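Architecture and fold: a report
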Amino acid sequence: MTSDIAAGSAVRELSYAEAAALAVQREMEADARVVVLGEDVGRGGIFGQYKGLQQRFGAERVIDTPISEAAIMGAGVGMALAGLRPVVEMRVVDFALCGMDELVNQAAKNRFMFGGQGRVPLVARMPGGIWDASAAQHSQSLEAWFAHLPGVVVVCPSTPQDNHSLLRAAMQCGDPVVYIEHKNLWASRGEVDETRAVPLGQAAQLRRGNALTLVSWSRQMQTCAAACDTLAAEGIDVDLLDLRTLWPWDREAVLSSCARTGRLLVVHEAVQAAGFGAEIAASAAEATGCKVARLGAPRIPVGYSPVLEAQSRVGAERIVQSARALCG
């Protein structure tokens, strides 16, 4: 860990990756049961999200593993059941598919199947989303898969502050957490107050308006914020909510906003078909009777070339057009 992260003011400007590394450092300092395991974690991880931690805590707590996601996840589940609090690094969500059985059939179900005798306080970090010029096998947004899975918490932070605060909350949680950081956010920067706690399951209201409710998460929040600037110039004031945690999601905040505005637009980077936006839209329509619309990627693999990759992105102009149609 670099010296400017290890010491100094509680509030500082950090990258998304630095904020995450600091979160892990602080939890490892506070709790000797916290360990890290995965490929390349000793050299700091492929995004720098573990930078300096093996040098600080040693190879017994920051553990480099063989290239086997099933073995990594399985070892993490065993560690958790034995009393440790492992942070399991999957490198990217696309690779986590090789360890799905251990997560789905062991970690997620153990507490239920054994009447709470065993707990799996495991954080599975699975960077997700479109990774520039990385093609179909490295650019998937699979958060809806895990939101569908009983027994796990699902987190998708969009800012350095949230990546710090929510990762600490995830490491303190007594249940398995699927923690999905966006592959294209690691270098993004912002102020981070390491004393600020953000509870799991609480959305953030980024703008307040009465024209419509706009809900999103992860990197798509940046595009939504840009769309809101355009809409504001047209006199359309948006209630913008960053969900932050997909399960449990903040039903109260979303439904309260929808009841007030009467309109909901849900936007996500993931494929629109069966995306988590459908759950939010259906819940809002059932509870409030508001008008709803969804925006997501088409049901196609993410292309390698920039032209093909762009077809899988939901841009600000599409969001603006959908918002105008809802308010028309």
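Description of the structure in this document.

Section: the sheet that holds strand β9 (residues 204–207)
- Pairing in this open sheet of five strands is mixed, and the strands run β9-β11-β10-β13-β14 from one edge to the other. Since the sheet does not close on itself, it has two edges, and those belong to β9 and β14 (291–297), each with one partner. Put simply, the sheet's adjacent strands are angled 25° from each other on average, direction ignored.
- Two strands pair when backbone bridges link them, and strand β13 (residues 263–271) and β14 are joined in this way by six bridges, in the parallel orientation. If you follow Leu-265 over to β14, its bridge partner there is Ala-293.
- Strands in contact with helix α11 (residues 251–261) are β9, β10 (212–216), β11 (238–242) and β13; relative to β11, the strand with the most contacts, it is inclined by about 170°.
- Strand contacts of helix α12 (residues 276–288): β10, β13 and β14, with the helix running at about 165° to β13, the strand carrying the most contacts.

Concerning the sheet that holds strand β5 (residues 123–125)
- Spatial strand order, β3-β2-β4-β5-β7-β6-β12: seven strands in an open sheet with mixed pairing. For this open sheet the edge positions go to β3 (62–64) and β12 (245–247), each flanked by a neighbour on one side alone. This sheet shows a mean twist of 20° between the axes of neighbouring strands, independent of strand direction.
- With three bridges joining them, strand β6 (residues 153–155) and strand β7 (residues 177–179) adopt parallel strand pairing. In the sheet register, Val-155 faces β7, and the bridge partner there is Tyr-179.

Let's talk about the packing of helix α10 (residues 220–233) against helix α14 (residues 316–327)
- In contact at an axis separation of 8 Å, α10 and α14 are set at 55° when each is read in the N-to-C sense. The angle between α10 and α14 falls in the class oblique. As α10 packs across α14, the resulting crossing turns out to be right-handed. Side by side, α10 and α14 meet where Gln-220, Thr-223, Cys-224, Ala-226, Ala-227, Thr-230 and Leu-231 of the first sit next to Ala-316, Ile-319, Val-320, Ala-323 and Arg-324 of the second.
- Residues belonging to the contact of α10 with α14 are distributed by class as follows: eight nonpolar, three polar and one charged.

Observations concerning the pairing of β11
- Burial within β11 is extensive, with five of its five residues counted as buried.
- The alternating pattern of β11 places Val-238, Leu-240 and Asp-242 and Asp-239 and Leu-241 on opposite faces, both of which are buried.
- The pairing of β9 with β11 spans three bridges and is classified as antiparallel. Each bridged residue has a counterpart across the sheet, and for Gln-205 the counterpart in β11 is Leu-241.
- In the sheet, β10 pairs with β11 via five bridges, with the strands oriented parallel. Residue pairing for β11: Leu-214 is matched across the bridge by Leu-240.
- Note that the unit made of β10, α10 and β11 has a crossover that is right-handed.

What counts as what
Residues numbered from 1 in each chain as written. Predicted model: local features only at pLDDT ≥ 70, side-chain atom pairs only at ≥ 80, totals over all residues. Heavy atoms only, no water. Pairing = 2+ DSSP bridges. Helix = DSSP H or I, 4+ residues; strand = E, 2+ residues; numbered from the N terminus. Axes fitted to C-alpha atoms, helices over the stretch in contact; angles between N-to-C directions. Contact = heavy atoms within 4.5 Å. Parallel < 35°, antiparallel > 145°, perpendicular 65-115°, else oblique. Left-handed = near helix turned anticlockwise from the far one by under 90°. Nonpolar A, V, L, I, M, F, W, Y, C, P; charged D, E, K, R; others polar. Buried < 20%, exposed > 50% of the residue type's maximum accessible area, 1.4 Å probe, protein only. Right-handed = clockwise from strand over helix to strand, strands pointing away.

Function-wise, these values are silent; they only describe arrangement.
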